[in-house]
Amino acid sequence: MRSSLPASKFRSGLVLATVAVSALTLSACGARTDRPRLAYEERPVEALYNTGYQRLQSKRWADAIDYFQEVERQHPYSEWSRRSILMQIYAYYQNNNYAEAIAASDRFIQLFPGNPSAPYAFYMKALCNFEQITDVGRDQGYAQAALDGLKDVQRRYPGTSYAIDATVKIDMVNDQLAGKEMAIGRYYQRAGQPLAAINRYKAVIDNEAYQRTSHTPEALFRLVEVNLVLGLKEEATRNGAVLGFNYPGSPWYAEAYALLSEDGRTPEVAPTAQRESWLRRIIPG
């Protein structure tokens, strides 16, 4: 996943644990270490599956996928096929083939909706979208898809480890989406379109999910800033009061306090943080 969220690829212990449960301990079947060219040739399902699993353990993701696909082709709708789809999901994910991992997850959900491993498929589908979230300057389609999928996991499987992890990631995605609103608002503010900017900043303030993100103090400050420019001083004062009440230690409140004081509207609550030079440099205008 890129942008304001962690840059390193997320490797969930949940993924490893689920795969370990799905893969029953099987005897080695003399699988070769090199990757054979897989042509359709009926062979024992145990040999195909074990070879794929060995490739998985060796992190030869593409090789493993070939064998698990062959299991699925030769033994459709079997227990072996079910396990092989799960293994394909994991191998595709590890190989950064997110679209294929999502397709395999959808296939598993369609074929085995009531299976105990269905939560894993739903979770992996959401995780693959989560991993593809881009910086806030670009389209946030993956972020919205990840949010929808994570909420679905949370709703379907409350109390599970998947739901717990989904809750953490939901907060991260909401922060990302709020950041997108802020980026658009700053753009409008720099472009001299204050009303459009206000609408974006209010979207952060009014959305209950976004209110808990790191962007709320700045959104309140921007509303103070833009409303003062528009001459809406009462509105600016009100937003400054909300900012001071909730975030008295934020540098953003120190900035708002200074602006309002310069306008003769010194807030009652004094800031407990200092103005930051780096903060002033990123203020539009």
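Residues numbered from 1 in each chain as written. Predicted model: local features only at pLDDT ≥ 70, side-chain atom pairs only at ≥ 80, totals over all residues. Heavy atoms only, no water.

**Side note on the overall build of the protein**
- Of regular secondary structure, the protein possesses 14 helices and zero strands.
- Ordered by position in the sequence, the α and β elements of the protein form the string α-α-α-α-α-α-α-α-α-α-α-α-α-α.
- By residue count, 48% of the 285 residues in the protein fall in the buried class.
- Considering only intrachain contacts with a sequence separation of at least 6, the fraction spanning at least 24 residues in the protein is 58%.
- Accessible surface, the protein as shown: approximately 14,100 Å² in total, 52% of it carbon and sulfur. (Helix = DSSP H or I, 4+ residues; strand = E, 2+ residues; numbered from the N terminus. Buried < 20%, exposed > 50% of the residue type's maximum accessible area, 1.4 Å probe, protein only. Contact = heavy atoms within 4.5 Å. Areas by Shrake-Rupley, 256 points an atom, 1.4 Å probe, with all protein chains shown as cover.)

**Some remarks on the packing of aromatic side chains**
- Within this structure, the stated rule accounts for ten aromatic pairs.
- In this structure an aromatic cluster arises from ring pairing among Y49, F68 and W80.
- In this arrangement the basic side chain of R83 is found over the ring face of W80, its NZ or CZ atom lying 4.6 Å from the centre. (Phe/Tyr/Trp six-rings, centres within 6.5 Å; stacked < 30°, edge-to-face > 60°. Lys NZ or Arg CZ within 6 Å of the ring centre and 35° of its normal.)

**What to know about the confidence of the model for the protein**
- Of the residues in the protein, 82% have a pLDDT of 70 or more, and the chain-wide mean is 86.
- Below a pLDDT of 50 lies the segment residues 2-13, which in the model reaches 32 contacts outside its immediate sequence neighbourhood of four places, other chains included.
- A low-confidence stretch, residues 15-33 stays under pLDDT 50, and its non-local contacts, those more than four residues away or across chains, total 34 contacts. (pLDDT = per-residue confidence, 0-100.)

**Examining helix α8 (residues 161-190)**
- Helix length check: α8 (30 residues) gives 44 Å between terminal C-alpha atoms against 44 Å at 1.5 Å per residue, within 8%.
- Just downstream of α8, G192 is the residue with a positive phi angle, here 75°. (Expected span 1.5 Å × (residues − 1).)

**Side note on the nonpolar core**
- Residues L56, I89 and V173 are the most contacted members of the largest nonpolar core, which totals 69 residues.
- Here this core gets ten residues from one element, more than from any other, and that element is helix α6 (residues 118-131). (Core = buried A, V, L, I, M, F, W, Y, C linked by side-chain atoms within 4.5 Å.)

**Quick look at helix α11 (residues 216-230)**
- Its 15 residues give α11 an end-to-end C-alpha distance of 21 Å, which sits within 8% of 21 Å, the value for a rise of 1.5 Å per residue.
- G231, located one to two residues past α11, shows a positive phi value of around 85°.

**Quick look at unusual backbone geometry**
- If you check the backbone angles, K59 has positive phi at about 65° while not being a glycine.
- Looking at where K59 falls in the secondary structure, it is placed in the loop between α2 (45-57) and α3 (61-74).
- For Y77, which is not glycine, the phi torsion reads 65° and is therefore positive.
- Considering the arrangement of structural elements, one finds Y77 in the loop between α3 and α4 (79-94).
- Y77 gets classed as exposed once you look at its relative accessible area, which sits at 68%.

**So, a nonpolar patch on the surface**
- On the surface, a nonpolar cluster with roughly 270 Å² of combined accessible area is contributed by L195, L230 and L232.
- Accessibility expressed as a relative area gives 58% for L195, which makes it exposed. (Patch = residues over 30% accessible without salt bridge, like charges linked within 9 Å, V, L, I, M, F, W, Y side chains within 5 Å. Salt bridge = Lys/Arg side-chain N within 4 Å of Asp/Glu carboxyl O.)

**Considerations on the pattern of salt bridges**
- If you walk through the whole model with that rule in mind, you get 17 salt bridges.
- R82 serves as the salt-bridge partner of E79, at 2.3 Å between the closest nitrogen and oxygen. Highlighted residues: E79 and R82, both in helix α4, separated by three residues, approximately one helical turn.
- With a shortest N-O distance of 3.8 Å, D263 and R265 are connected by a salt bridge.
- Among the residues examined, D263 registers a relative accessible area of 30% and is labelled partly exposed.

**Considering the packing of helix α9 (residues 194-206) against α11**
- At a closest axis distance of 9 Å, the pairing of α9 and α11 adopts a crossing angle of 150°. In terms of their interaxial angle, α9 and α11 are classed as roughly antiparallel. For the pair α9 and α11, the crossing hand works out as left-handed. Listed contacts from α11 to P194, L195, I198, Y201, K202, V204 and I205 of α9 are T216, A219, L220, R222, L223, V226, N227 and L230. (Axes fitted to C-alpha atoms, helices over the stretch in contact; angles between N-to-C directions. Parallel < 35°, antiparallel > 145°, perpendicular 65-115°, else oblique. Left-handed = near helix turned anticlockwise from the far one by under 90°.)

**Topic: the environment of A236**
- With respect to the secondary-structure elements, A236 resides in helix α12 (residues 233-246).
- Since its relative accessible area comes to 0%, A236 is described here as buried.
- Between the C-alpha atom of A236 and that of R265, which follows or precedes it by 29 residues, the distance is 9.5 Å.
- In this structure A236 touches V224, N227, L228 and L260, once residues within four positions along its chain are discounted.

**Describing the side chain of Q94**
- Tracing the backbone through its elements, the reader meets Q94 in helix α4.
- Polar side-chain contacts of Q94 include one of 2.8 Å to the side chain of Y90. (Polar contact = N/O pair within 3.5 Å; in protein donor to acceptor, adjacent residues only side chain to side chain.)

**Some remarks on the side chain of R82**
- With relative accessibility at 11%, the residue R82 sits in the buried group.
- Only 2.3 Å separates the side chain of R82 from the side chain of E79, close enough to count as a polar contact.
- Ignoring anything within four residues of it in the chain, the contact list for R82 reads F108, F112, N115 and S117.

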